[in-house]
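Per-entry structural report
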Amino acid sequence: MAVAQYWLHAVPKAANAWPCKLDNRFGKQYRLLKTDEFSSVFAYRNRKSRDLLQVSQSGDNGLGHPRLGLVVGKKTAKRANRRNYIKRVIRDWFRCHKAELPPHDYVVRVSRAFTRTDGAQARAQLAQLMLKKQKR
């Protein structure tokens, strides 16, 4: 019986064994979901663009954390798996850097599709656009 109790105490807790931070999620509170939310960001008319991406930003959203909306049209990438890859890359960058961003609403519009070979370039452009927005 003593051995079994020792075994229970020796097993690490799930929160301690998890390799990444628990607050590094992309839950619904970090997403722009409704048409009105997207429209308010577009109406603010604060946008910058690069070769692959265009980022629009609104003012302070009053929530204390940034939110992200994505626009990847069928004209940009015909296949759903390519559109999903593009969205996954952008969401991942946002998820990892959301603590560094001010509490604004962002909409990222993809101008030109990118693949795994261009993924690093897309992340770099997104970092330039978002960090440039942050300096204002």
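Report follows, based on the coordinates.

Cut-offs and rules
- Residues numbered from 1 in each chain as written.
- Predicted model: local features only at pLDDT ≥ 70, side-chain atom pairs only at ≥ 80, totals over all residues.
- Heavy atoms only, no water.
- Core = buried A, V, L, I, M, F, W, Y, C linked by side-chain atoms within 4.5 Å.
- Buried < 20%, exposed > 50% of the residue type's maximum accessible area, 1.4 Å probe, protein only.
- Helix = DSSP H or I, 4+ residues; strand = E, 2+ residues; numbered from the N terminus.
- Contact = heavy atoms within 4.5 Å.
- Phe/Tyr/Trp six-rings, centres within 6.5 Å; stacked < 30°, edge-to-face > 60°.
- Lys, Arg positive; Asp, Glu negative; His and termini not counted.
- Salt bridge = Lys/Arg side-chain N within 4 Å of Asp/Glu carboxyl O.
- Polar contact = N/O pair within 3.5 Å; in protein donor to acceptor, adjacent residues only side chain to side chain.

Here we come to the nonpolar core. In terms of nonpolar packing, the biggest core is built from 25 residues, with Leu53, Ile90 and Met130 touching the most fellow members. Contributions of two or more residues to this core are made by β2 (53–60), β3 (67–71), α4 (80–97), β4 (104–110) and α5 (119–135). If we ignore the near neighbours within four places in the chain, the residues touching leucine 53 are Lys48, Ile90, Val108, Arg109, Val110, Ser111, Phe114, Ala122, Gln125, Leu126 and Leu129.

Attention now goes to the packing of aromatic side chains. By the definition in use, this model includes one aromatic pair. Pairing tyrosine 85 with phenylalanine 114 gives two aromatic rings, centres 6.4 Å apart and planes at 65°, and the pair type is edge-to-face. With a gap of 29 residues between them, tyrosine 85 in helix α4 and phenylalanine 114 in the loop between β4 and α5 connect regions that are remote in the sequence. An identical accessibility class is assigned to tyrosine 85 and phenylalanine 114; each is buried.

Our focus in this paragraph is the side chain of arginine 83. Inspection of the secondary structure assignment puts arginine 83 in helix α4. Within the buried core, arginine 83 has no salt-bridge partner, and the shortest N-O distance to an opposite charge, that of aspartate 118, equals 17 Å. Reaching out from arginine 83, the side chain makes a polar contact with the backbone oxygen of alanine 77 at a distance of 3.0 Å. Sequence-distant contacts of arginine 83, defined by excluding residues within four places in its chain, comprise Val72, Gly73, Lys74, Ala77 and Lys78.

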